[in-house]
Amino acid sequence: MTRMRAFLATLMLSTPLSVMAAEDPVTTFVLDNGMQVIVVEDHRAPVVQHMVWYRAGSADEPKGASGVAHFLEHLLFKATDKLESGEFSAIVSANGGNDNAFTSYDYTAYYQRIAADRLELMMGMESDRMRNIRLTPANIETERDVIIEERNQRTENSASALFSEQMRAVQYHNHRYGVPVIGWMHEMETLNLDDALSFYEIYYSPNNAILVVSGDATPEGVRELAEKYYGVIPFNPALPERLRTEEPPQTAERRVIFRDARVAQPYVSRSYLAPERDQGAQKEAAALTLLAEILGGGTTSYLTEKLQFDTQVAVYSSVYYRGTSLDDTTFNMIVVPAPGVTLQEAEDAMDVAVASFMKEGVDPAQVERLKKQLRAQQIYARDNVDGIAQRYGSALTTGLTVEDVQAWPEILQAITPEEIMAAAEKVIIPESSVTGWLMKVQEQGQ
Amino acid sequence: MRIFSVLVISFLTVLPAQAEVKIQEVISPGGITAWLVEEPSIPFMALELRFRGGGSLDRPGKRGALNLMTGLLEEGAGDLDSRGFARAVEDLAASFSYNLNSDSLSVSVRFLSESRDDAVALLRSSIVDPNLNESDIERVRGQVFAGLLSDTTDPDAIVGAAFNRMTFGDHPYATDLSGTNESVAALTREDLINAHGDIFAKDRLYVGAVGDITPAELGKLVDELLGGLPETGASQPQAAEVTIEGGVTVVDFDTPQSVALFGHKGIGLEDPDYFAATILNHVLGGGSFESRLMNEVREKRGLTYGVSTFLVPRDHAATYQGQVASANDRIAEAILVIRDEWSKAAEKGVTLEELRNAKTYITGAYPLRFDGNAPIARIMVGMQMIGFPIDYIATRNDRVEAVTLEDVNRVAAELLDADGLQFVVVGKPVGLTTGPLPE
């Protein structure tokens, strides 16, 4: 949840902390071809982070080609018109920089961290691979093996990762969030050159991208370079509107029993379909963000109190919610039972605790402590401009605007205990829930 | 009036890309040394404390005592119980984090300038006067058991434990600092009090601070925070002998992808050839996408998502290790490729071009580390623990540049021992059995 709690802004707050949030190091503008640019300044060290985010993630993939967004991300490190395969990272490295990329449901992003005077070199290379990759059949075969090993490492080798994957698949009836970002193994094995190139042609264009530069750079300097390298790439008029299938009303409480011989520590996982942050409408997501902290954000949270202090049902419990999402997201709970406590007992204790929370309501003092921490996060955030860059990139690729990002801290501060409880009443309902038990092969739940 | 004096020695360091990290040595009125970078632009500070010895200070038969004690530091102190302490930290919007490894216990802290005094008082109570209540001990002990249980089926944990067991003989490094179910179950409150006394002492303390504070204020702060600690703690462990031999050890575990940890003897930080070894490692397996192993195992053959090597210079032993993970039917091939690269590098060394690229990366990437108050505080503590001079940052890249091709290739021949490389493999690897490496 720290990701959600560290937004930076220029609020006028009524506490002493307000003075400290007065400087806003963020500048935004849009190039003529529609490419959005965010600059987050910090001139304390001569280092920049250069990122390009695409509004294209696994949830934008065509049916049958799960994993292609991530596969393409790997393939962007192969040859372009100007560079040999692997040369991109080699040049970054030979200039003392680090580079990588990541893919999620709603976005794919590429980044380099490097000395500030190499920003132009990075823009030259990153803009080149926005349009000019040159893939060979050999690239496809070898790199497909690599992503299969990546799935082996992240998912197949971990019972809890396989369990989470099943939970999500059951949570979403009609949305691609139910398909893993890395892809289903049987579809990954069939990914080919055409799959990768057609995804590339549709989504990789300046009007579908966001440039985020953080660190020792000025808005004027970034604008000049961005116009030179990205500004010359034509606007793609064929970029499709980002329409996705939506969830129908969820009307059935679901259960997932996942058994695996590799499970040593069984646990109960619960997820509820939940609204996300929407453009101009972030209050409910803000209320859920606070709710997650209050219910299960740490030692002082409600579930921890009920399950680890008042009783010793659990060795660990947690509640989390990630509101930065293009479409409906989830609100999640986990309870790891203490030795001798069955999964059924753990689940029952969790339900009893949540029910009593719904009756008692939130503790206003806890809400105030949380809000104070959120204000402090804005100060701490200024020490990590790359983190601010990350928040803008993920927000702007999930349907939010710069204004939404900047309004978010104020919206969090204005949430009332009543709004938190209203969000809880709406989201914590059995009909939209999935309850999962991660179990040993022979174990009994009762 | 010695009590009011603060000794300040300043060094201005210029990083390759002209970053300035102005480290000052502050000796508090009470005689505690701290390194400080003043950074007044953001109204908070990061403080890093480190106590040498870490989990290796466990007394005989008390494995896991330091770890359990560390877990209890945030569970209440003075008048505050566990939840009261957590609420107090939240009220201050501060963050206290206590971590243990085999060589040190670290306390990583940040707090706002406006609540500095209260934060220091609260932090002090957790370090000097933790409650170690029986009910909290039982709760945290349960968390340790849960972690140990999870480790029993985590391939990464299994392979790490097996490798350490084979490598470090009867030294504490050979065993998990969390302890075993039996050793943790037997720990008493008195054991935890002993563990606390063994580690929290001035003779093993290192302090780094970055943020909105002056040298005089920092001198006062460290005295308030740490002045009450005893002068001495437990004696440090002896050097460990690295006993691992070449070959393959298979730990049978039913999972689709085999996880391998490999390694042999390494090279210590105090060794004059350490930078030559760093460059060698970058070329062989340390430099992410460009290393020879990444190129051979991943880029050319698609055998893995990641293969990497790393120098592990610990206080009492140095190893050179690497890791790779491949599907059960492909791990044998990955291992043979790694072994071949190992012997190739030992025999032929690296090329001049590889040396140059490694140097530009290692020197150019150095400033990227100094990216915030907390990272700088951690780096300064690390420098002190190694015994680097306060102006080390300015000279570090020159030391890298001074390494010659002959140095690297001499070190490659001395350090790399393909026949002495032990591969510990967890999984159902096809074509591999415990014993010598197949040809």
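Residues numbered from 1 in each chain as written. Chains lettered and ligands numbered in written order. Predicted model: local features only at pLDDT ≥ 70, side-chain atom pairs only at ≥ 80, totals over all residues. Heavy atoms only, no water.

Bringing the overall build of chain B into the picture now. Scanning chain B from terminus to terminus reveals 15 helices and twelve strands. Taken over C-alpha atoms, the radius of gyration comes to 23 Å for chain B, in line with the 22 Å a tight globule of 439 residues would show. Counting only C-alpha atoms, chain B reaches 70 × 55 × 35 Å along its principal axes. Within chain B, the fraction of its 439 residues that count as buried is 59%. Partitioning the intrachain contacts of chain B with sequence separation of at least 6 by distance along the chain shows that 79% fall at a separation of at least 24. If you sum the accessible surface of chain B, you get close to 17,300 Å²; carbon and sulfur atoms cover 50% of it. (Helix = DSSP H or I, 4+ residues; strand = E, 2+ residues; numbered from the N terminus. Rg over C-alpha atoms; globule rule 2.2 N^0.38 Å. Buried < 20%, exposed > 50% of the residue type's maximum accessible area, 1.4 Å probe, protein only. Contact = heavy atoms within 4.5 Å. Areas by Shrake-Rupley, 256 points an atom, 1.4 Å probe, with all protein chains shown as cover.)

Residue and element names in this part refer to chain B. Taking 1.5 Å per residue as the helical rise, helix α5 (residues 155–167) with its 13 residues ought to reach 18 Å, and the 18 Å between its terminal C-alpha atoms agrees with that figure. Residues Pro155, Ile158, Val159, Gly160, Ala162, Phe163 and Thr167 constitute the buried set of α5. For α5, the secondary structure elements touched by its buried residues are α4 (134–151), β8 (247–252), β9 (257–265), β11 (318–327) and β12 (422–427). Positive backbone phi, approximately 55°, marks glycine 169, located one or two places after α5. (Expected span 1.5 Å × (residues − 1).)

Once that is clear, we can look at the packing of aromatic side chains. All names here are of chain A. Following the criterion strictly, the structure yields 27 aromatic pairs over all chains and no others. When the centroid spacing of 5.7 Å and the interplanar angle of 70° are considered together, the rings of phenylalanine 163 and tyrosine 267 count as edge-to-face. Here tyrosine 267 lies in strand β8 (residues 267–274) and phenylalanine 163 lies in helix α6 (residues 159–171), a separation of 104 residues in the sequence. A relative accessible area of 13% means that tyrosine 267 is categorised as buried. With 4.7 Å between their ring centres and 50° between their planes, phenylalanine 199 and tyrosine 203 make a pair best called tilted. In this pair, phenylalanine 199 and tyrosine 203 both sit in helix α8 (residues 193–203), four residues apart, roughly one turn of the helix. The class of phenylalanine 199 is buried, set by a relative accessible area of 2%. (Phe/Tyr/Trp six-rings, centres within 6.5 Å; stacked < 30°, edge-to-face > 60°.)

So, on to the interface of chain B and chain A. Chain B puts 65 residues into the contact, and the matching count from chain A is 52 residues. Between chain B and chain A the total buried area reaches about 5,100 Å² when both faces are included, carbon and sulfur atoms providing 55% of it. Joining chain B to chain A, the criterion identifies eight salt bridges. In this structure, lysine 78 of chain A and glutamate 299 of chain B form a salt bridge, with 2.8 Å as the shortest nitrogen-oxygen distance. The interface formed by chain B and chain A contains 30 residue pairs in polar contact (both at pLDDT 80 or more). At the level of elements, α2 (82–91), β6 (104–112), α4, β9, α10 (292–300), β11, α12 (352–364) and α13 (373–386) of chain B are the ones that each hand at least two residues to the side of chain B that touches chain A. Looking at which element gives the most residues to the side of chain B that touches chain A, the answer is α4 of chain B, with seven residues. (Buried area = accessible area lost by both parts, 1.4 Å probe. Salt bridge = Lys/Arg side-chain N within 4 Å of Asp/Glu carboxyl O. Polar contact = N/O pair within 3.5 Å; in protein donor to acceptor, adjacent residues only side chain to side chain.)

Once that is clear, we can look at the nonpolar core. All names here are of chain B. Counting residues in hydrophobic clusters, the biggest one holds 67 residues, and the most contacted among them are Ile23, Ile338, Trp342 and Leu416. Among all residues touching tryptophan 342, those that are not within four sequence positions of it are Phe262, His264, Leu284, Thr309, Tyr320, Leu416, Asp417, Ala418 and Leu421. Core analysis: the next-biggest nonpolar cluster, separate from the first, contains 54 residues, Phe85, Leu123, Leu187 and Leu229 among them. (Core = buried A, V, L, I, M, F, W, Y, C linked by side-chain atoms within 4.5 Å.)

Another aspect to go through is the packing of helix α4 (residues 119–131) of chain A against helix α9 (residues 219–229) of chain A. Residue and element names in this part refer to chain A. At their nearest, the axes of α4 and α9 sit 9 Å apart, and the two run at 30° to each other. One element, α4, and the other, α9, form an angle in the roughly parallel class. The crossing of α4 and α9 is right-handed. Side by side, α4 and α9 meet where Leu119, Glu120, Met123, Gly124 and Ser127 of the first sit next to Val222, Leu225, Ala226, Lys228 and Tyr229 of the second. Broken down by class, the residue content of the contact of α4 with α9 amounts to six nonpolar, two polar and two charged. (Axes fitted to C-alpha atoms, helices over the stretch in contact; angles between N-to-C directions. Parallel < 35°, antiparallel > 145°, perpendicular 65-115°, else oblique. Left-handed = near helix turned anticlockwise from the far one by under 90°. Nonpolar A, V, L, I, M, F, W, Y, C, P; charged D, E, K, R; others polar.)

This next bit is on the confidence of the model for chain B. Residues and elements named next belong to chain B. On average, residues of chain B score 93 in pLDDT, and 95% of them are at 70 or above. Confidence over residues 1–18 falls short of pLDDT 50; this stretch has 47 contacts with residues more than four positions distant or in other chains. We note a pTM of 0.92 for the whole complex and an ipTM of 0.90 for its interfaces. (pLDDT = per-residue confidence, 0-100.)

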